[in-house]
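# Geometric and topological summary
Residue-level listing of the chains:
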Amino acid sequence: MAIELLAPSGNIESFLSAVESGADAVYLGLKDFSARAKAKNFSYKQLEEICAYGKEKNVKIFVTVNTLIKNSEIKDVVKNLEQISIARADGIIVQDLGVVNIAQKYFPDINLHASTQLAIHNTYGAKQAERMGFKRAVLARELSFEEIKSIKNSTNIELEVFCHGALCFCVSGMCLFSSFIGGYSGNRGHCTQPCRRLWTVENKNGYFLSPKDFQLIDYIKQLQKIDVASLKIEGRLKSPDYVAKTVSAYRLLIDSDENNYEENLKRTKDILALDYARQKTTFNFLTKNENIFEPQKSKNTGFYLGIVENKTAESFLLRTQYTLNIGDTIRIVDNKKDKNAVLKIENFEKVPDGYLMDYNNLYIENGFEVYKIADKTAMYNVQCTIYNKKQESRHCEEQTKSATWQSSVVKPFNCLTIQLFNKQINLPNLFIRINNLKWLSLLKNQQKKSAVVIKLNKNNINNIKSLNNPKDFYFELPVYIDEEDLSLFQQTVDFLISKNCKNFFINNISHFSFFNKPFTSSAFHPFTLFAGQSLYTLNSYSAELLSKYGITAFTTSWEDDLSNIKDLAKDLKNNLIVYLSGFPEIVISKMKFVKEIKNKNIKSGIDEFKVISNENENFIIPKFPINLFGFKNKILSFGIKSFGIDLSHIYPNQNYLMQILKAFNNNAYINSVNKFNFERKLK
């Protein structure tokens, strides 16, 4: 089967550019529940027209419903899925397991693709996605070719691999950076890109967290040989010009044969050199690339042209040897203030050494850098309204069917806990989570009162076998487990089960595969599974689906808010755990930090964070811990009775422990005003 070329589309112009340039499939978002909320995106009517046009052109249409969903948003999600079904899109790309649950129950005609936001990064994850009914898995961008090949050889699910575009500094789906700074969650499509900011470390400024862009043009043949289903170009926020160039380049190479492959490879590289994006990297595809960051170079994409000179109230001089045209787009950058403005060229005067450029009402000053970010857009004379009477008739039938369905299904899920659980679970009043085993000697007196959760990681896993009475503890698996480490963690889980350990927290769908497969919530199983904070449960429908695979209790996400937790408690109050204090890992990265910031504090404006970097881990945590002790009584009023304190990333300290326990018991005040999104609400 020929490999699919999948193109991004953030607006109708980009969609048409993708189709005309040779895309086999296009992915796009509707106005809501899309991980690229800043794109123009599409209305329901446009989606119907695009899907009909795609069928005429033999181009598949995949719709992104790839954000986390709050309980209060369920009805709107159902409406989206209903319209996607009516439009007969070829599939949806999904992160939230609640959306998966709803689609499988009520829209079984919709094909499910597991978004890269689900962080599928090993064979266990791909196998679990297949068991859960996904047709395709969009693999994490952190993977090497050998890891992709291993997953392909071990599973039957279709694999989609990114081949070009921007890289997220954090593992996709695990980033809380933007959410922490202002409540604008990257997991809900509102990322403000703090990783692209100018940061300060010990009086040094740099773009320390802004990676290069991804490009695999040299390795397409290898991906074709192992039968990867789809090559994906990132860029729903990019211009139609970018879409046209990248699609045409990869199309040329995919269609090449042995006689013209090398010649066409050179041509594609020439085309991609003008995509006006950042410098390129292959990331971890061949070997772990340690040259991913260029801290002293601007975060801005584009081709450098020159600087602003001789600015007047209406125009400025741009000295450049490169040709510009009316309709081209440029970016004007103030590096000192880390700001930029985009200008579509409408008028200029050609002068001997460049251009006198009109700039409308933009704020610019002499010395600002100028980058070209797009050529004049080619306008395709294509009409996207191609319905005939048969299609209109079908549409009316679907609307009637939909109205009947909606009246019977879209109701509050009042009986969820009854449907979820055949037995009540008695959760401890307090979980204390650690990642440093030296805490254990200080927690001896607490073990009768509290449950101790040990976070397994490569730094402590070798010491697990030396634990006294391991059955007395709960164990938590890390979000990201490399393919090469699966056997190590499998052996550890098997050992713990053999020692009669019964309680495990999991944080990724891949973790189900560590336990006896297939897994159901049966009294005959010798252990109990809990959803950790990264196996997101922001709505009751995700909880219901997870319960089918054995989850008995759910930990609210660090980025969740009080209002949504109150809604969840209506269905799940006896099965919810809320952490009140700790240092959340707001960034989990598989990129090697530059040496300037390793294990140091980074600042940008009023925001300050700590970088934790060693051979096995790369995290960013807040400077100050979360403090939600003041909300404990309010949470208790919802019927939630189980809480958590996270001591990870805190060196074992008896005084700190006693102070934090006093705060939990309402007998002390902790000097931290850090409440994350709890009060201000998750956007």
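Above this text is the structure in question.
Residues numbered from 1 in each chain as written. Predicted model: local features only at pLDDT ≥ 70, side-chain atom pairs only at ≥ 80, totals over all residues. Heavy atoms only, no water.

The next point concerns the overall build of the protein. Scanning the protein from N- to C-terminus turns up 17 helices and 32 strands. Taking 2.2 N^0.38 as the reference for a compact globule, 683 residues should give roughly 26 Å; the C-alpha atoms of the protein span a radius of gyration of 26 Å, in line with that estimate. By its C-alpha atoms, the protein is 80 × 65 × 50 Å across when sized along the principal axes. Long-range pairs, those at least 24 residues apart, make up 71% of the contacts in the protein between residues at least 6 apart in sequence. When the 88 positive and 71 negative side-chain charges of the protein are each reduced to one mean point, those points stand 7 Å apart. (Helix = DSSP H or I, 4+ residues; strand = E, 2+ residues; numbered from the N terminus. Rg over C-alpha atoms; globule rule 2.2 N^0.38 Å. Contact = heavy atoms within 4.5 Å. Lys, Arg positive; Asp, Glu negative; His and termini not counted. Charge placed at Lys NZ, Arg CZ, Asp CG, Glu CD.)

Moving on, we come to the side chain of Glu73. Relative to the elements of secondary structure, Glu73 occurs in the loop between β3 (60–65) and α3 (74–87). Since its relative accessible area comes to 15%, Glu73 is described here as buried. Side chain to side chain, Glu73 and Arg188 meet in a polar contact 2.8 Å long. Excluding residues that lie within four positions of it along the chain, Glu73 makes contacts with Phe33, Leu68 and Arg188. (Buried < 20%, exposed > 50% of the residue type's maximum accessible area, 1.4 Å probe, protein only. Polar contact = N/O pair within 3.5 Å; in protein donor to acceptor, adjacent residues only side chain to side chain.)

Read across the open sheet, the 7 strands follow the order β16-β15-β19-β13-β14-β18-β17; overall the sheet is antiparallel. Edge positions in the sheet fall to β16 (339–344) and β17 (348–351), since each of these pairs with one other strand and no more. With direction set aside, neighbouring strand axes in the sheet form an average angle of 30 degrees. (Pairing = 2+ DSSP bridges. Axes fitted to C-alpha atoms, helices over the stretch in contact; angles between N-to-C directions.)

It is characteristic of soluble globular proteins that their nonpolar side chains tend to be buried jointly. Among the nonpolar cores identified, the biggest contains 197 residues, and Leu81, Ile84, Ile92, Leu209, Ile454, Phe475 and Ile620 are the most heavily contacted of them. Broken down by element, the residue count for this core peaks at 7 residues, all from helix α9 (residues 240–254). Leaving out residues up to four positions away in the same chain, Ile620 has contacts with Phe169, Phe177, Leu209, Pro584, Glu585, Ile586, Val587, Phe593, Ile602, Phe609, Lys610 and Val611. Membership of the second largest hydrophobic core comes to 15 residues, among which are Leu305, Ile332, Tyr355 and Phe368. (Core = buried A, V, L, I, M, F, W, Y, C linked by side-chain atoms within 4.5 Å.)

Another aspect to go through is α9. Three or four residues apart is the spacing at which side chains of an α-helix point the same way, because the helix has 3.6 residues per turn. Look at α9: 21 Å from first C-alpha to last across 15 residues, which is about the 21 Å you get at 1.5 Å a residue. Burial within α9 is extensive, with 13 of its 15 residues counted as buried. (Expected span 1.5 Å × (residues − 1).)

Further remarks concern helix α14 (residues 540–548). With 8 of 9 residues buried, α14 lies mostly within the body of the structure. Restricting attention to buried positions, one finds in α14 the residues Ser540, Tyr541, Ser542, Ala543, Glu544, Leu545, Leu546 and Ser547. One side-chain oxygen of the residue at the start of α14 lies 3.1 Å from the amide nitrogen of Tyr541, identifying that residue as Asn539. Two residues or fewer after α14 comes Gly550, characterised by a positive phi angle close to 105 degrees.

With that settled, consider the side chain of Thr64. Here Thr64 lies in strand β3. Ignoring anything within four residues of it in the chain, the contact list for Thr64 reads Tyr27, Leu28, Gly29, Phe33, Ser34, Ile93 and Arg236.

Moving on, we get to the pairing of strand β18 (residues 354–358). Strand direction decides the pairing type here: strand β14 (residues 315–319) and β18, joined by 5 bridges, are antiparallel. Its bridge partner lying in β18, Ser315 is registered against Asp358. Of the pairings in the sheet, the one linking β17 to β18 comprises 4 bridges and is antiparallel in character. The residue bridging Phe348 from the neighbouring strand is Met357, located in β18. From the end of β17 to the start of β18, which pair antiparallel, there are 2 residues.

A few words on unusual backbone geometry. Residues other than glycine seldom take positive phi values, yet Gln193 does so here, at roughly 55 degrees. Tracing the chain through its elements places Gln193 in the loop between α7 (177–182) and β8 (199–201). Here Gln193 falls in the partly exposed class, since its relative accessible area comes to 41%. The backbone phi angle of Asn469 is positive, close to 50 degrees, even though this residue is not glycine. Assignment of secondary structure puts Asn469 in the loop between β21 (451–455) and β22 (474–476).

Using the criterion set out here, one finds 33 salt bridges in the structure. We note a salt bridge from Asp353 to Arg319, for which the minimum N-O separation is 2.3 Å. You can see Asp353 sitting in the loop between β17 and β18 and its partner Arg319 sitting in strand β14, a full 34 residues away along the chain. Judged by its relative accessible area of 34%, Asp353 is partly exposed. For Arg319, a relative accessible area of 38% gives the class partly exposed. Its salt-bridge partner being Arg433, residue Asp646 comes within 3.0 Å of it at the nearest N-O pair. Note that Asp646 is positioned in strand β32 (residues 642–646) and Arg433 in strand β20 (residues 430–434), a separation of 213 residues in sequence. When salt bridges with common partners are traced through the structure, they connect Glu4, Arg136, Glu158, Glu160 and Lys232 into a single cluster. (Salt bridge = Lys/Arg side-chain N within 4 Å of Asp/Glu carboxyl O.)

Only one face of strand β28 (residues 601–604) is buried, namely the one carrying Ile602 and Ser604, since none of Asn601 and Lys603 on the opposite face is buried. Examined bridge by bridge, β28 and strand β29 (residues 607–613) share 4 bridges and lie antiparallel to one another. Bridging across to β29, Ile602 finds its partner in Phe609. With antiparallel pairing between neighbouring strands as the criterion, β28 and β29 make up a hairpin whose turn holds 2 residues, including Gly605 at a positive phi of roughly 65 degrees.

The contact between helix α4 (residues 97–106) and α14 brings their axes to 7 Å, and the two run at 80 degrees. By the angle between their directions, the pair α4 and α14 is classed as roughly perpendicular. Residues Leu97, Gly98, Val100, Asn101, Ile102, Gln104 and Lys105 of α4 lie in contact with α14, whose contacting residues are Tyr541, Ser542, Glu544, Leu545, Leu546 and Lys548. Its residues assigned to classes, the contact of α4 with α14 comprises 6 nonpolar, 4 polar and 3 charged. (Parallel < 35°, antiparallel > 145°, perpendicular 65-115°, else oblique. Nonpolar A, V, L, I, M, F, W, Y, C, P; charged D, E, K, R; others polar.)

Here we take up the packing of helix α1 (residues 12–21) against helix α2 (residues 44–57). Look at α1 against α2: their axes get within 12 Å of each other, and the N-to-C directions meet at 10 degrees. Taken together, the axes of α1 and α2 lie roughly parallel to each other. Only Ile50, Tyr53 and Lys57 of α2 make contact with α1, whose side of the interface consists of Ile12, Phe15, Leu16, Val19 and Glu20. Partitioning the contact of α1 with α2 into residue classes produces 6 nonpolar, no polar and 2 charged.

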